[in-house]
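Descriptive structure summary
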Amino acid sequence: MNINFTYLPGDGIGPEIGTAALRVLNATAVAYGHTLDIEEHLIGGIAIDEAGVPLPTDTLESAKKTGAILLGAVGGPKWDHLKGGDRPELGGLLPLRKTLELYANVRPAKPYTALLDAAPIKPEYLQGVDFVIMRELTGGIYFGDKGRDNLGAYDECRYTESEVNRIAIRAFEMARTRRKKVTSVDKSNVLETSRLWREVVNETAKDYPDVELEHTLVDAMAMHMLSRGKDFDVILTENMFGDILTDEAAMLCGSMGVIPSASLGAGKLGLFEPIHGSAPDIAGKSLANPIAMILSGAWMLRSSFGLNEEANAIEHAVEKALDAGQCTADLGGSLSTLEVADKIADYVD
Ligand code: NAD
Ligand code: IPM
Ligand code: MN
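Basis of the calculations
Residues numbered from 1 in each chain as written. Chains lettered and ligands numbered in written order. Predicted model: local features only at pLDDT ≥ 70, side-chain atom pairs only at ≥ 80, totals over all residues. Heavy atoms only, no water. Helix = DSSP H or I, 4+ residues; strand = E, 2+ residues; numbered from the N terminus. Expected span 1.5 Å × (residues − 1). Buried < 20%, exposed > 50% of the residue type's maximum accessible area, 1.4 Å probe, protein only. Contact = heavy atoms within 4.5 Å. Near = heavy atom within 4 Å. Polar contact = N/O pair within 3.5 Å; in protein donor to acceptor, adjacent residues only side chain to side chain. Areas by Shrake-Rupley, 256 points an atom, 1.4 Å probe, with all protein chains shown as cover. Nonpolar A, V, L, I, M, F, W, Y, C, P; charged D, E, K, R; others polar. Core = buried A, V, L, I, M, F, W, Y, C linked by side-chain atoms within 4.5 Å. Domains from an automatic or database assignment. Salt bridge = Lys/Arg side-chain N within 4 Å of Asp/Glu carboxyl O. Phe/Tyr/Trp six-rings, centres within 6.5 Å; stacked < 30°, edge-to-face > 60°. Buried area = accessible area lost by both parts, 1.4 Å probe. Pairing = 2+ DSSP bridges. Axes fitted to C-alpha atoms, helices over the stretch in contact; angles between N-to-C directions.

1. Concerning helix 10 (residues 308-323)
Since the α-helix packs 3.6 residues into each turn, any two residues three or four apart lie on the same face. Relative to the 22 Å expected for 16 residues at 1.5 Å per residue, helix 10 spans 22 Å between its end C-alpha atoms, a close match to the ideal helical length. Every buried residue of helix 10 is accounted for by Glu310, Ala311, Ala313, Ile314, Ala317, Val318, Ala321 and Leu322. In this fold, the buried residues of helix 10 make contact with helix 1 (14-32), helix 9 (291-305) and helix 11 (337-348). With its phi angle positive at about 70°, glycine 325 sits one or two positions after the end of helix 10.

The following block contains the structure:
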């Protein structure tokens with residue numbers, strides 16, 4: 001098969017973990033008789049520097065054409081003085097997600113046995129943890145009206161019923177393929193958008209009588225996730241809560257560097273990216289853990305190209321490397337980004 005996808009390395013550690021993921025994808029393609037047809041484009045800070053805008057037209061066109069996008073990360077101190085849509089995040093990543101209508105961001109948390117001691121949480125709280133966060137990605141406070149006035153600053157948070165309904169459906173559908181439980185997270189004791197959220201989720205739940213539904217306030221959820229993470233199956237939440245809770249969930253798994261994500265919409269189009277950022281503190285030092293990016297690549301193979309066996313092979317190879325202690329410093333190892341990628345590529349073979 002010709003695996004035609006859009007590759008957007010972006011900023012900071014993005015190109016490092018990107019090169020690592022391409023090595024593994026390439027080894028997989030060779031092992032299974034496929035060819036990689038990579039369309040590399042600019043996004044984020046590097047796009048601002050080289051093309052004058054954070055999301056160049058040819059980047060967006062390629063993304064729409066291939067329908068499969070592998071992205072590293074955007075942003076960094078160099079562009080932090082920029083405002084609003086001139087920024088790598090607000091002008092690059094967010095419009096990419098929004099324009100492609102990738103409203104469902106799926107972020108799994110299932111600690112690897114080999115990493116139980118790498119996490120800052122005691123292993124007894126990690127055993128049995130296996131949940132997925134279904135994060136709404138194209139609405140809420142991220143996309144509301146923002147600005148300054150003579151009093152200060154404001155960010156508007158809005159959700160429509162249909163925006164809540166479509167992400168709730170995804171959560172219930174996913175729960176049906178898993179342990180049949182949805183935990184919806186909101187702040188309905190304070191926010192009107194959360195009250196709407198809860199109403200719509202309850203309404204949607206009527207079509208899924210076989211799925212258990214519970215509601216939790218986000219502050220309490222931050223605690224429950226650490227103290228009884230194994231009780232959760234599909235965690236459904238809005239954009240900003242999902243952003244925050246997924247970084248927290250990463251710590252159950254040992255590092256930000258091991259969690260991939262898929263951003264999906266109504267059609268086949270998919271954006272695959274690690275949940276972490278451009279990690280400016282370690283960029284350029286070959287310290288970045290490439291696993292989240294490698295697993296995002298595997299997810300792309302499965303979701304966009306139907307290459308299940310190939311995706312499984314990569315996921316097993318990652319597990320083998322972790323079992324052998326072949327990892328980067330964030331997980332207590334001593335290998336470089338590309339050394340880890342080479343080990344994983346070897347295991348795929
Ligand atoms: P970050 O996720 O980049 O880093 C947080 C911490 O985790 C850092 O200490 C970093 O070194 C570590 N870390 C992250 N990824 C790692 C990896 N693969 N291996 C080892 N350690 C890793 O978050 P931040 O520092 O708050 O943000 C830095 C920049 O990244 C900001 O400009 C932010 O806007 C951007 N960002 C982009 C994305 C994205 O493009 N999807 C996501 C989050 C943050
Ligand atoms: C993420 C990131 C982004 C988000 C930023 C860079 C806009 O933190 O993908 O988790 O908040 O969605
Ligand atoms: Mn985030």
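2. Remarks on the site of ligand 1
Not every one of the 21 residues close to ligand 1 is listed here, only the nearest: Val74, Glu89, Gly277, Ala279 and Asp281. Between glutamate 273 and ligand 1, the recorded distance is 3.0 Å, taken from a side-chain N or O atom to a nitrogen atom. In this structure, an oxygen atom belonging to ligand 1 sits 2.7 Å away from a main-chain N or O atom of glycine 277. When isolated, ligand 1 has an accessible area of 810 Å², and the protein chains bury 70% of it. When the residues that make up the shell around ligand 1 are grouped by side-chain class, the tally is 10 nonpolar, 7 polar and 4 charged.

3. Some words on the nonpolar core
Within soluble globular proteins, side chains that are nonpolar tend to cluster in buried spots. Phe5, Phe131, Met225, Leu236 and Ile344 are the most contacted members of the largest nonpolar core, which has 88 residues in total. In terms of residues, this core owes the most to one element, helix 9, which gives 9 residues. Formed jointly, this core draws a minimum of three residues from each of two domains, domain 1 (1-103 + 256-349) and domain 2 (120-253). With residues up to four places along the chain from it excluded, the contact list for phenylalanine 5 reads Leu22, Leu25, Leu36, Asp37, Ile38, Glu39, Thr66, Ala68, Leu70, Met300 and Phe305. With 13 residues, the next largest nonpolar core counts Leu8, Leu55, Ile69 and Leu93 among its residues.

4. A look at the site of ligand 2
Residues in contact with ligand 2, as listed here, are Glu89, Leu94, Arg97, Arg107, Arg135, Tyr142, Asp243 and Ile275. Interatomic distance of 2.8 Å between a side-chain N/O atom of arginine 135 and an oxygen atom of ligand 2. Out of a free accessible area of 320 Å², ligand 2 has 78% covered by protein chains. Sorting elements by how many residues they give to the shell around ligand 2 places helix 4 (residues 88-99) first, with 3 residues. Two domains each put at least three residues into the shell around ligand 2: domain 1 (1-103 + 256-349) and domain 2 (120-253).

5. Brief notes about the side chain of threonine 28
Checked against the element boundaries, threonine 28 lands in helix 1. Classification of threonine 28 as buried rests on a relative accessible area of 1%. What threonine 28 contacts, discounting residues up to four positions off in sequence, is Leu301, Glu310, Ile314 and Val348.

6. A look at the pattern of salt bridges
Scanning the model with the defined rule gives 20 salt bridges in all. Among the salt bridges present, the one from arginine 87 reaches glutamate 89, with a minimum N-O distance of 3.3 Å. On the basis of relative accessible area, arginine 87 is assigned to the buried category, the value being 15%. Lysine 206 is the salt-bridge partner of glutamate 203, the closest N and O atoms lying 3.1 Å from each other. Taking relative accessible area as the criterion, lysine 206 reaches 58% and is therefore assigned exposed. Ionic contacts of the salt-bridge type, sharing partners, join the residues Asp130, Arg178, Arg179 and Asp233 into one network.

7. A closer look at the packing of aromatic side chains
Summed over all chains, the structure comprises 2 aromatic pairs. Where tyrosine 159 meets tryptophan 197, the ring centres are 5.5 Å apart and the plane angle is 70°; that geometry is what we call edge-to-face. Of this pair, tyrosine 159 sits in the loop between strand 7 (152-155) and helix 5 (161-176) while tryptophan 197 sits in helix 6 (residues 192-205), and the two are 38 residues apart along the sequence. Across the pair, tryptophan 197 and tyrosine 159 agree in class, each one buried. Ring geometry for phenylalanine 172 against tyrosine 208: centres 5.0 Å apart, planes inclined by 10°, an arrangement best described as stacked.

8. Quick look at the domain arrangement of the protein
Looking at the protein, the domain boundaries give domain 1 (1-103 + 256-349) and domain 2 (120-253). One C-alpha centre belongs to domain 1, the other to domain 2; they are set 24 Å apart. Taken together, the contact pairs 15 residues of domain 1 with 15 residues of domain 2. Roughly 1,400 Å² of surface becomes buried between domain 1 and domain 2 when both sides are summed, with 65% attributable to carbon and sulfur atoms.

9. Observations regarding unusual backbone geometry
One non-glycine residue, glutamate 101, lies in positive phi territory at about 55°. Position of glutamate 101 relative to the elements: it lies in the loop between helix 4 and strand 4 (104-109). At lysine 180, a residue that is not glycine, the phi angle is positive and equals roughly 60°. In this structure, lysine 180 sits in the loop between helix 5 and strand 8 (181-186). Residue classification places lysine 180 among the partly exposed positions, given a relative accessible area of 36%.

10. Quick look at the sheet that holds strand 12 (residues 270-274)
Strand order across the open sheet formed by 10 strands is 2-1-3-12-11-4-5-10-8-9, with mixed pairing between neighbours. Where the open sheet ends on each side, the last strands, each with one partner, are strand 2 (35-40) and strand 9 (212-217). Strand-to-strand twist of the sheet, defined as the mean angle between neighbouring strand axes without regard to direction, takes the value 25°. Bridge analysis of strand 11 (residues 260-264) against strand 12 gives 5 bridges, and the strand direction is antiparallel. Residue pairing across strands places serine 261 opposite glutamate 273, the latter belonging to strand 12. Of the strands in this sheet, strand 1 (2-10), strand 3 (68-73), strand 4, strand 5 (131-136) and strand 12 are in contact with helix 4, which crosses strand 12 at around 145°. Strands in contact with helix 6 are strand 5, strand 8, strand 9 and strand 10 (234-237); relative to strand 9, the strand with the most contacts, it is inclined by about 175°.

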